[in-house]
Amino acid sequence: MIHTAPGTLSGRLRAPASKSHLQRLLLAASLAEGTCVIRNPGESADGQACLAVIQGLGARVARGADRVEVTGGAGPAAEVLDCGESGFCLRAAAAVAALAPRASTLQARGSLRLRPMDMVLDPLRQLGAACDAAGGLPPVRVRGPLLGGDVTVDGRASSQFLSGLLLALPRAPRDSRVIVEGLRSAPYVRMTLGVLEAFGARVRASEDLAVLEVPGGQTFRPVDLAVEGDWSGAAFLLVAGAVAGDVAVEGLDPRSAQADRAVVAALEAAGARLAWEDGALRARRSDLAGFTFDATDCPDLFPPLAALACHARGRTRLKGASRLRAKESDRAEALVTELSALGARIAVTGDWMEIDGGPLAGGRVDPRNDHRIAMAGAVAGLVSREGVALDGEHCVDKSYPGFFRDLESLRGEP
Ligand SMILES: O=C(O)C1=C[C@@H](OP(=O)(O)O)[C@@H](O)[C@H](O)C1
Ligand SMILES: C=C(OP(=O)(O)O)C(=O)O
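Reading guide: rules and limits
Residues numbered from 1 in each chain as written. Chains lettered and ligands numbered in written order. Predicted model: local features only at pLDDT ≥ 70, side-chain atom pairs only at ≥ 80, totals over all residues. Pairing = 2+ DSSP bridges. Helix = DSSP H or I, 4+ residues; strand = E, 2+ residues; numbered from the N terminus. UniProt positions renumbered as here; feature names shortened; annotations may be inferred. Buried ≥ 20, exposed ≤ 12 C-beta atoms within 10 Å, placed from the backbone. Contact = placed C-beta atoms within 7 Å. Axes fitted to C-alpha atoms, helices over the stretch in contact; angles between N-to-C directions. Parallel < 35°, antiparallel > 145°, perpendicular 65-115°, else oblique. Left-handed = near helix turned anticlockwise from the far one by under 90°. Nonpolar A, V, L, I, M, F, W, Y, C, P; charged D, E, K, R; others polar. Near = placed C-beta within 6 Å. Domains from an automatic or database assignment. Right-handed = clockwise from strand over helix to strand, strands pointing away.

Caption draft 1: Broad picture of the sheet that holds strand β12 (residues 204–205). Here four strands make up an open sheet; going across it, the order is β10-β11-β13-β12 and the pairing mixed. The outermost strands of the open sheet, each flanked by one partner alone, are β10 (150–154) and β12.

Encoded structure:
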(Lines give C-alpha, C1' and ligand atoms only; values in the text may rest on other atoms or scores of the structure.)
(Ligands and ions follow the chains in the order given, each with its own letter.)
Protein backbone atom coordinates (compact mmCIF):
# COMPACT_ATOMS: atom_id res chain seq x y z
CA MET A 1 0.00 0.00 0.00
CA ILE A 2 1.26 3.46 -0.82
CA HIS A 3 -0.19 6.87 0.04
CA THR A 4 0.37 9.89 -2.19
CA ALA A 5 -0.31 12.98 -0.11
CA PRO A 6 -1.63 16.19 -1.64
CA GLY A 7 0.97 18.90 -2.01
CA THR A 8 3.23 20.98 -4.15
CA LEU A 9 5.91 19.35 -6.28
CA SER A 10 8.98 20.95 -7.69
CA GLY A 11 12.23 19.77 -9.23
CA ARG A 12 13.97 18.18 -12.15
CA LEU A 13 13.90 14.49 -13.10
CA ARG A 14 15.17 12.21 -15.82
CA ALA A 15 12.54 10.41 -17.91
CA PRO A 16 12.60 6.61 -17.58
CA ALA A 17 13.79 4.59 -20.59
CA SER A 18 11.09 3.92 -23.18
CA LYS A 19 10.10 0.26 -23.05
CA SER A 20 8.54 0.61 -26.51
CA HIS A 21 11.80 1.80 -28.03
CA LEU A 22 13.85 -0.76 -26.06
CA GLN A 23 11.70 -3.72 -27.10
CA ARG A 24 12.01 -2.81 -30.79
CA LEU A 25 15.77 -2.45 -30.48
CA LEU A 26 16.04 -5.81 -28.71
CA LEU A 27 14.00 -7.73 -31.27
CA ALA A 28 15.90 -6.14 -34.17
CA ALA A 29 19.24 -6.78 -32.42
CA SER A 30 18.34 -10.45 -32.04
CA LEU A 31 18.17 -10.58 -35.87
CA ALA A 32 21.34 -8.57 -36.58
CA GLU A 33 24.71 -9.78 -37.79
CA GLY A 34 27.26 -9.40 -34.98
CA THR A 35 26.91 -7.72 -31.60
CA CYS A 36 24.67 -4.71 -30.86
CA VAL A 37 25.13 -2.37 -27.91
CA ILE A 38 21.93 -0.94 -26.45
CA ARG A 39 22.46 1.78 -23.88
CA ASN A 40 20.02 3.10 -21.27
CA PRO A 41 17.85 -0.06 -21.25
CA GLY A 42 16.18 0.86 -17.93
CA GLU A 43 14.60 -1.67 -15.59
CA SER A 44 11.02 -1.98 -16.84
CA ALA A 45 9.44 -5.39 -16.40
CA ASP A 46 8.30 -5.34 -20.04
CA GLY A 47 11.88 -4.68 -21.12
CA GLN A 48 13.12 -7.55 -18.93
CA ALA A 49 10.49 -9.85 -20.44
CA CYS A 50 11.67 -8.96 -23.94
CA LEU A 51 15.30 -9.59 -22.97
CA ALA A 52 14.34 -13.07 -21.79
CA VAL A 53 12.39 -13.66 -25.00
CA ILE A 54 15.27 -12.75 -27.30
CA GLN A 55 17.47 -15.10 -25.29
CA GLY A 56 14.86 -17.77 -25.94
CA LEU A 57 15.06 -16.87 -29.62
CA GLY A 58 18.75 -17.72 -29.52
CA ALA A 59 20.39 -14.35 -28.81
CA ARG A 60 23.25 -14.08 -26.33
CA VAL A 61 22.68 -11.21 -23.91
CA ALA A 62 25.40 -9.65 -21.75
CA ARG A 63 24.37 -6.97 -19.28
CA GLY A 64 26.75 -4.19 -18.31
CA ALA A 65 26.35 -0.95 -16.37
CA ASP A 66 23.51 0.87 -18.10
CA ARG A 67 23.84 -1.21 -21.30
CA VAL A 68 23.11 -4.60 -22.81
CA GLU A 69 25.01 -6.33 -25.57
CA VAL A 70 23.02 -8.59 -27.86
CA THR A 71 24.48 -11.15 -30.26
CA GLY A 72 21.84 -12.80 -32.40
CA GLY A 73 21.95 -16.53 -33.11
CA ALA A 74 24.78 -17.13 -30.65
CA GLY A 75 22.93 -19.22 -28.08
CA PRO A 76 20.54 -22.17 -27.89
CA ALA A 77 16.87 -21.51 -28.68
CA ALA A 78 14.06 -22.35 -26.24
CA GLU A 79 10.66 -23.70 -27.18
CA VAL A 80 8.76 -21.67 -24.57
CA LEU A 81 9.01 -17.87 -24.65
CA ASP A 82 7.64 -16.17 -21.52
CA CYS A 83 6.41 -12.71 -22.54
CA GLY A 84 5.38 -11.72 -19.01
CA GLU A 85 2.59 -9.16 -19.14
CA SER A 86 3.84 -7.35 -22.25
CA GLY A 87 1.33 -7.20 -25.08
CA PHE A 88 3.89 -5.77 -27.47
CA CYS A 89 6.42 -8.46 -26.64
CA LEU A 90 3.97 -11.30 -27.28
CA ARG A 91 2.40 -9.95 -30.47
CA ALA A 92 5.66 -8.75 -31.99
CA ALA A 93 7.76 -11.74 -30.95
CA ALA A 94 5.17 -14.10 -32.48
CA ALA A 95 6.27 -12.81 -35.91
CA VAL A 96 9.98 -12.89 -35.09
CA ALA A 97 9.78 -16.40 -33.62
CA ALA A 98 8.00 -17.60 -36.77
CA LEU A 99 11.11 -16.88 -38.87
CA ALA A 100 12.79 -20.02 -37.50
CA PRO A 101 11.91 -23.49 -38.84
CA ARG A 102 10.85 -24.75 -35.41
CA ALA A 103 7.93 -24.60 -32.96
CA SER A 104 7.69 -21.84 -30.34
CA THR A 105 5.09 -21.23 -27.65
CA LEU A 106 4.64 -17.62 -26.56
CA GLN A 107 3.24 -17.52 -23.06
CA ALA A 108 1.55 -14.75 -21.11
CA ARG A 109 1.11 -13.83 -17.47
CA GLY A 110 -1.45 -11.77 -15.56
CA SER A 111 -3.94 -9.77 -17.57
CA LEU A 112 -2.11 -10.54 -20.82
CA ARG A 113 -3.67 -14.02 -20.66
CA LEU A 114 -7.00 -12.33 -21.45
CA ARG A 115 -5.84 -9.97 -24.21
CA PRO A 116 -6.75 -10.78 -27.85
CA MET A 117 -4.15 -12.38 -30.08
CA ASP A 118 -6.33 -13.31 -33.04
CA MET A 119 -4.80 -10.60 -35.25
CA VAL A 120 -1.56 -12.63 -35.52
CA LEU A 121 -3.11 -15.86 -36.81
CA ASP A 122 -4.22 -15.21 -40.42
CA PRO A 123 -1.21 -13.12 -41.45
CA LEU A 124 1.33 -15.64 -40.16
CA ARG A 125 -0.53 -18.43 -41.96
CA GLN A 126 -0.69 -16.37 -45.18
CA LEU A 127 3.09 -16.02 -44.96
CA GLY A 128 3.76 -19.74 -44.67
CA ALA A 129 3.97 -20.35 -40.90
CA ALA A 130 1.64 -22.43 -38.75
CA CYS A 131 -0.02 -20.55 -35.91
CA ASP A 132 -2.62 -21.28 -33.21
CA ALA A 133 -4.12 -19.55 -30.19
CA ALA A 134 -7.09 -21.30 -28.57
CA GLY A 135 -10.01 -18.86 -28.34
CA GLY A 136 -7.78 -16.16 -29.84
CA LEU A 137 -5.98 -15.86 -26.48
CA PRO A 138 -2.46 -16.71 -25.29
CA PRO A 139 -0.52 -18.92 -25.37
CA VAL A 140 0.25 -18.45 -29.07
CA ARG A 141 1.94 -21.36 -30.82
CA VAL A 142 3.88 -20.73 -34.01
CA ARG A 143 5.91 -22.96 -36.27
CA GLY A 144 8.11 -21.41 -38.95
CA PRO A 145 9.51 -20.76 -41.35
CA LEU A 146 7.86 -17.51 -42.26
CA LEU A 147 8.52 -17.25 -45.99
CA GLY A 148 7.22 -13.77 -46.84
CA GLY A 149 4.77 -12.91 -49.63
CA ASP A 150 1.47 -11.03 -49.87
CA VAL A 151 -0.40 -10.50 -46.63
CA THR A 152 -3.28 -8.49 -45.17
CA VAL A 153 -3.04 -7.28 -41.57
CA ASP A 154 -5.96 -5.99 -39.51
CA GLY A 155 -4.68 -2.99 -37.55
CA ARG A 156 -7.98 -2.07 -35.86
CA ALA A 157 -7.42 -3.67 -32.47
CA SER A 158 -3.69 -3.07 -32.20
CA SER A 159 -0.63 -1.99 -34.16
CA GLN A 160 1.71 -4.23 -32.21
CA PHE A 161 1.65 -7.31 -34.43
CA LEU A 162 2.23 -5.16 -37.53
CA SER A 163 5.34 -3.75 -35.86
CA GLY A 164 6.59 -7.27 -35.15
CA LEU A 165 5.88 -8.40 -38.68
CA LEU A 166 7.82 -5.45 -40.10
CA LEU A 167 10.75 -6.38 -37.88
CA ALA A 168 10.64 -9.98 -39.11
CA LEU A 169 9.88 -9.66 -42.84
CA PRO A 170 13.22 -8.22 -44.02
CA ARG A 171 14.79 -11.47 -42.70
CA ALA A 172 12.30 -13.74 -44.52
CA PRO A 173 13.50 -15.32 -47.77
CA ARG A 174 10.85 -13.78 -50.08
CA ASP A 175 9.78 -10.20 -50.80
CA SER A 176 6.59 -9.13 -49.02
CA ARG A 177 3.76 -6.75 -49.66
CA VAL A 178 1.69 -5.91 -46.58
CA ILE A 179 -1.79 -4.43 -46.92
CA VAL A 180 -2.93 -2.86 -43.66
CA GLU A 181 -6.61 -2.35 -42.85
CA GLY A 182 -7.93 0.13 -40.29
CA LEU A 183 -4.62 0.92 -38.62
CA ARG A 184 -4.76 2.54 -35.18
CA SER A 185 -1.76 3.68 -33.12
CA ALA A 186 0.07 4.47 -36.38
CA PRO A 187 2.89 6.46 -34.68
CA TYR A 188 4.05 3.22 -33.03
CA VAL A 189 4.51 1.71 -36.49
CA ARG A 190 6.48 4.77 -37.58
CA MET A 191 8.74 4.22 -34.57
CA THR A 192 9.29 0.64 -35.78
CA LEU A 193 10.18 1.91 -39.26
CA GLY A 194 12.71 4.29 -37.66
CA VAL A 195 14.31 1.39 -35.80
CA LEU A 196 14.48 -0.70 -38.98
CA GLU A 197 16.20 2.18 -40.74
CA ALA A 198 18.78 2.37 -37.95
CA PHE A 199 19.59 -1.31 -38.58
CA GLY A 200 19.93 -0.61 -42.31
CA ALA A 201 16.76 -2.48 -43.30
CA ARG A 202 14.68 -1.19 -46.22
CA VAL A 203 10.88 -0.89 -46.15
CA ARG A 204 8.85 1.15 -48.61
CA ALA A 205 5.75 2.54 -46.91
CA SER A 206 2.87 4.53 -48.36
CA GLU A 207 2.22 7.85 -46.61
CA ASP A 208 -0.79 6.43 -44.71
CA LEU A 209 0.97 3.10 -43.91
CA ALA A 210 -1.77 1.19 -45.77
CA VAL A 211 0.76 -0.53 -48.07
CA LEU A 212 4.23 -1.63 -47.03
CA GLU A 213 6.73 -3.29 -49.33
CA VAL A 214 9.51 -5.23 -47.67
CA PRO A 215 12.28 -6.86 -49.69
CA GLY A 216 13.23 -10.26 -48.27
CA GLY A 217 16.70 -11.66 -47.63
CA GLN A 218 18.02 -8.50 -45.96
CA THR A 219 20.63 -8.35 -43.23
CA PHE A 220 20.50 -6.06 -40.19
CA ARG A 221 23.76 -4.29 -39.44
CA PRO A 222 24.83 -4.15 -35.78
CA VAL A 223 24.08 -0.87 -33.98
CA ASP A 224 25.27 1.01 -30.91
CA LEU A 225 22.25 3.03 -29.79
CA ALA A 226 20.69 4.52 -26.68
CA VAL A 227 17.07 3.95 -25.70
CA GLU A 228 15.10 7.19 -25.78
CA GLY A 229 13.52 8.74 -22.71
CA ASP A 230 9.90 7.66 -22.38
CA TRP A 231 7.24 10.20 -23.29
CA SER A 232 4.54 7.86 -21.90
CA GLY A 233 5.99 7.83 -18.38
CA ALA A 234 7.05 11.48 -18.62
CA ALA A 235 3.43 12.42 -19.40
CA PHE A 236 2.51 11.70 -15.76
CA LEU A 237 5.36 13.88 -14.48
CA LEU A 238 4.43 16.75 -16.81
CA VAL A 239 0.78 16.56 -15.74
CA ALA A 240 1.97 16.54 -12.10
CA GLY A 241 3.88 19.75 -12.81
CA ALA A 242 0.93 21.38 -14.58
CA VAL A 243 -1.52 20.66 -11.74
CA ALA A 244 0.70 20.73 -8.66
CA GLY A 245 3.88 22.72 -9.03
CA ASP A 246 6.89 23.00 -11.27
CA VAL A 247 8.46 19.88 -12.80
CA ALA A 248 11.20 19.66 -15.43
CA VAL A 249 11.80 16.36 -17.24
CA GLU A 250 15.09 15.73 -19.01
CA GLY A 251 16.04 13.00 -21.46
CA LEU A 252 13.09 13.55 -23.83
CA ASP A 253 13.58 13.98 -27.56
CA PRO A 254 11.27 16.73 -28.87
CA ARG A 255 11.40 15.09 -32.33
CA SER A 256 10.87 11.53 -31.09
CA ALA A 257 8.67 9.17 -33.09
CA GLN A 258 6.95 8.12 -29.87
CA ALA A 259 3.16 8.48 -30.05
CA ASP A 260 2.96 9.97 -26.59
CA ARG A 261 5.00 13.02 -27.51
CA ALA A 262 1.48 14.26 -28.31
CA VAL A 263 1.11 14.97 -24.59
CA VAL A 264 2.71 18.34 -25.39
CA ALA A 265 -0.17 19.26 -27.72
CA ALA A 266 -2.74 18.12 -25.14
CA LEU A 267 -1.11 20.10 -22.32
CA GLU A 268 -0.97 23.16 -24.55
CA ALA A 269 -4.63 22.72 -25.46
CA ALA A 270 -5.39 22.76 -21.72
CA GLY A 271 -3.45 26.01 -21.34
CA ALA A 272 -0.51 24.53 -19.42
CA ARG A 273 2.67 26.58 -19.12
CA LEU A 274 5.35 24.51 -20.89
CA ALA A 275 8.88 25.42 -21.88
CA TRP A 276 12.05 23.68 -23.03
CA GLU A 277 14.85 24.88 -20.73
CA ASP A 278 18.41 23.52 -20.46
CA GLY A 279 17.52 20.32 -22.27
CA ALA A 280 14.45 19.62 -20.14
CA LEU A 281 10.74 20.10 -20.69
CA ARG A 282 9.32 22.14 -17.80
CA ALA A 283 5.63 22.17 -16.84
CA ARG A 284 4.42 24.70 -14.29
CA ARG A 285 1.17 25.02 -12.36
CA SER A 286 -1.22 26.72 -14.67
CA ASP A 287 -4.76 27.94 -14.90
CA LEU A 288 -6.08 24.93 -16.82
CA ALA A 289 -9.22 24.83 -18.93
CA GLY A 290 -11.11 21.85 -20.35
CA PHE A 291 -9.92 20.77 -23.79
CA THR A 292 -10.82 18.42 -26.63
CA PHE A 293 -8.19 15.93 -27.76
CA ASP A 294 -8.16 12.88 -30.04
CA ALA A 295 -6.11 10.14 -28.34
CA THR A 296 -7.12 7.36 -30.74
CA ASP A 297 -3.55 6.88 -31.94
CA CYS A 298 -1.88 7.53 -28.58
CA PRO A 299 -4.15 5.51 -26.28
CA ASP A 300 -1.65 5.37 -23.43
CA LEU A 301 -2.19 9.11 -22.91
CA PHE A 302 -5.75 8.56 -21.64
CA PRO A 303 -4.73 7.91 -18.01
CA PRO A 304 -2.50 10.99 -17.58
CA LEU A 305 -4.89 13.20 -19.58
CA ALA A 306 -7.88 12.05 -17.51
CA ALA A 307 -5.90 13.03 -14.38
CA LEU A 308 -5.12 16.40 -15.97
CA ALA A 309 -8.76 16.96 -16.91
CA CYS A 310 -9.88 16.48 -13.29
CA HIS A 311 -8.06 19.76 -12.56
CA ALA A 312 -9.04 21.73 -15.65
CA ARG A 313 -11.97 24.17 -15.43
CA GLY A 314 -14.99 23.03 -17.42
CA ARG A 315 -15.40 20.02 -19.68
CA THR A 316 -12.65 17.94 -21.30
CA ARG A 317 -13.52 15.58 -24.13
CA LEU A 318 -11.08 12.78 -25.04
CA LYS A 319 -11.72 10.73 -28.20
CA GLY A 320 -10.63 7.13 -28.64
CA ALA A 321 -12.04 5.59 -25.46
CA SER A 322 -13.15 2.44 -27.25
CA ARG A 323 -9.45 1.59 -27.76
CA LEU A 324 -8.96 1.20 -23.99
CA ARG A 325 -10.94 -1.97 -23.33
CA ALA A 326 -8.16 -4.51 -23.95
CA LYS A 327 -5.13 -2.96 -22.31
CA GLU A 328 -3.68 -4.18 -18.98
CA SER A 329 -7.15 -3.45 -17.60
CA ASP A 330 -10.31 -2.16 -19.20
CA ARG A 331 -8.94 1.35 -18.88
CA ALA A 332 -12.20 3.06 -19.80
CA GLU A 333 -13.99 1.31 -16.94
CA ALA A 334 -11.02 1.66 -14.57
CA LEU A 335 -10.61 5.41 -15.11
CA VAL A 336 -14.35 6.06 -14.71
CA THR A 337 -14.67 3.95 -11.55
CA GLU A 338 -11.44 4.95 -9.84
CA LEU A 339 -11.43 8.68 -10.62
CA SER A 340 -15.13 8.84 -9.65
CA ALA A 341 -14.18 7.29 -6.32
CA LEU A 342 -11.83 10.24 -5.79
CA GLY A 343 -14.69 12.67 -6.50
CA ALA A 344 -14.24 13.26 -10.24
CA ARG A 345 -17.14 13.68 -12.65
CA ILE A 346 -16.22 11.40 -15.53
CA ALA A 347 -18.19 9.28 -17.98
CA VAL A 348 -17.63 7.36 -21.19
CA THR A 349 -20.18 7.52 -24.00
CA GLY A 350 -19.28 5.58 -27.12
CA ASP A 351 -15.81 6.60 -28.17
CA TRP A 352 -15.69 9.70 -25.96
CA MET A 353 -14.53 10.17 -22.38
CA GLU A 354 -15.87 13.34 -20.79
CA ILE A 355 -14.57 14.85 -17.59
CA ASP A 356 -15.85 17.92 -15.76
CA GLY A 357 -13.04 19.45 -13.73
CA GLY A 358 -13.57 20.28 -10.06
CA PRO A 359 -12.21 19.68 -6.57
CA LEU A 360 -11.34 16.08 -5.61
CA ALA A 361 -11.82 14.61 -2.16
CA GLY A 362 -9.22 11.89 -2.73
CA GLY A 363 -9.47 8.40 -1.26
CA ARG A 364 -8.61 4.92 -2.42
CA VAL A 365 -7.76 3.69 -5.89
CA ASP A 366 -7.73 0.08 -7.06
CA PRO A 367 -5.21 0.08 -9.93
CA ARG A 368 -6.23 -3.42 -11.09
CA ASN A 369 -2.55 -4.24 -11.53
CA ASP A 370 -2.40 -1.63 -14.33
CA HIS A 371 0.64 0.65 -14.15
CA ARG A 372 -1.02 3.54 -15.93
CA ILE A 373 -4.12 3.48 -13.69
CA ALA A 374 -1.86 3.55 -10.61
CA MET A 375 0.11 6.52 -11.94
CA ALA A 376 -3.06 8.37 -13.00
CA GLY A 377 -4.62 7.90 -9.55
CA ALA A 378 -1.51 9.15 -7.78
CA VAL A 379 -1.18 12.23 -10.00
CA ALA A 380 -4.90 13.10 -9.82
CA GLY A 381 -4.71 12.93 -6.01
CA LEU A 382 -1.88 15.45 -5.78
CA VAL A 383 -4.58 18.12 -5.78
CA SER A 384 -7.20 16.65 -3.45
CA ARG A 385 -8.27 16.92 0.19
CA GLU A 386 -6.94 13.57 1.41
CA GLY A 387 -4.53 12.37 -1.25
CA VAL A 388 -4.69 8.88 -2.70
CA ALA A 389 -4.00 5.45 -1.22
CA LEU A 390 -3.46 2.49 -3.48
CA ASP A 391 -2.59 -1.19 -3.16
CA GLY A 392 -0.37 -3.10 -5.53
CA GLU A 393 1.82 -0.10 -6.32
CA HIS A 394 4.49 -2.41 -7.79
CA CYS A 395 2.40 -2.67 -10.94
CA VAL A 396 4.23 0.50 -12.08
CA ASP A 397 7.30 -1.73 -12.57
CA LYS A 398 5.83 -2.72 -15.95
CA SER A 399 6.97 0.55 -17.51
CA TYR A 400 8.34 2.87 -14.81
CA PRO A 401 9.73 1.11 -11.72
CA GLY A 402 10.98 4.35 -10.11
CA PHE A 403 7.70 6.25 -10.50
CA PHE A 404 6.67 6.62 -6.84
CA ARG A 405 10.24 7.32 -5.73
CA ASP A 406 10.56 9.99 -8.43
CA LEU A 407 7.23 11.57 -7.52
CA GLU A 408 8.16 11.76 -3.82
CA SER A 409 11.59 13.22 -4.69
CA LEU A 410 9.76 16.28 -6.03
CA ARG A 411 8.32 17.27 -2.67
CA GLY A 412 9.86 20.26 -0.95
CA GLU A 413 10.90 20.18 2.70
CA PRO A 414 7.79 19.76 4.91
O1 LIG B 1 3.89 -0.76 -30.14
C2 LIG B 1 3.92 -0.46 -28.94
O3 LIG B 1 5.00 -0.42 -28.29
C4 LIG B 1 2.65 -0.11 -28.26
C5 LIG B 1 1.53 0.18 -29.01
C6 LIG B 1 0.24 0.61 -28.40
O7 LIG B 1 -0.64 -0.49 -28.46
P8 LIG B 1 -1.75 -0.68 -29.61
O9 LIG B 1 -1.08 -0.69 -30.94
O10 LIG B 1 -2.33 -2.02 -29.26
O11 LIG B 1 -2.71 0.46 -29.48
C12 LIG B 1 0.40 1.04 -26.94
O13 LIG B 1 -0.86 1.13 -26.33
C14 LIG B 1 1.28 0.08 -26.18
O15 LIG B 1 1.45 0.50 -24.84
C16 LIG B 1 2.66 -0.02 -26.78
C1 LIG C 1 -0.72 -1.27 -23.16
C2 LIG C 1 0.54 -1.23 -22.74
O3 LIG C 1 1.53 -2.14 -23.05
P4 LIG C 1 1.41 -3.56 -23.77
O5 LIG C 1 0.24 -3.52 -24.69
O6 LIG C 1 2.71 -3.71 -24.50
O7 LIG C 1 1.25 -4.59 -22.69
C8 LIG C 1 1.00 -0.09 -21.92
O9 LIG C 1 2.20 -0.02 -21.63
O10 LIG C 1 0.18 0.77 -21.53
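After that view of the structure, there is still more to cover.
Caption draft 2: Representation of the UniProt feature "binding site: phosphoenolpyruvate" (unreviewed entry) in the protein chain. Here, the residues flagged by UniProt with the feature "binding site: phosphoenolpyruvate" (unreviewed entry) are Lys19, Gly87, Arg115, Gln160, Arg331, Arg372 and Lys398. Structurally, the position occupied by Gly87 is in helix α3 (residues 87–97). Residue Gly87 is classed as buried on the basis of its 22 C-beta neighbours within 10 Å. Those residues within four positions of Gly87 in sequence are excluded, and the remaining contacts are Leu112, Arg115 and Gln160. Inspection of the secondary structure assignment puts Arg372 in helix α11 (residues 371–380). Setting aside residues no more than four positions away along its own chain, Arg372 makes contact with Asp300, Pro303 and Arg331.

Caption draft 3: Summary view of the packing of helix α10 (residues 331–341) against α11. Where α10 meets α11, the axes come as close as 11 Å, and the angle between the chain directions of the two elements is 25°. Taken together, the axes of α10 and α11 are roughly parallel relative to one another. Here α10 and α11 pass one another in a crossing that is right-handed. Facing Arg331, Ala334, Leu335, Glu338 and Leu339 of α10, the residues of α11 in contact are Arg372, Ile373, Ala376, Gly377 and Ala380. In terms of residue class, the contact of α10 with α11 is made up of six nonpolar, one polar and three charged.

Caption draft 4: The site of ligand 2, seen in detail. The immediate surroundings of ligand 2 are formed by Ser86, Gly87, Phe88, Asp300, Lys327, Glu328, Arg372 and Ser399. Residues that form the shell around ligand 2 fall into these classes: one nonpolar, three polar and four charged. Three or more residues apiece are contributed to the shell around ligand 2 by two domains, here domain 1 (2–15 + 231–409) and domain 2 (19–215).

Caption draft 5: Here's a closer look at the environment of Asp406. Positionally, Asp406 belongs in helix α12 (residues 403–409). According to the C-beta neighbour criterion, Asp406 is buried, with 21 such atoms within 10 Å. The sequence separation of Asp406 and Arg12 amounts to 394 residues, and the corresponding C-alpha distance is 9.6 Å.

Caption draft 6: Layout of the pairing of β10. By the alternation rule, side chains of β10 split into Val151 and Val153, which are all buried, and Asp150, Thr152 and Asp154, of which none is buried. Both β10 and strand β11 (residues 176–181) contribute to a ladder of five bridges, which runs parallel. The residue bridging Asp150 from the neighbouring strand is Arg177, located in β11. Each parallel crossover has a hand, and for β10 linked through helix α5 (residues 160–168) to β11 it is right-handed.

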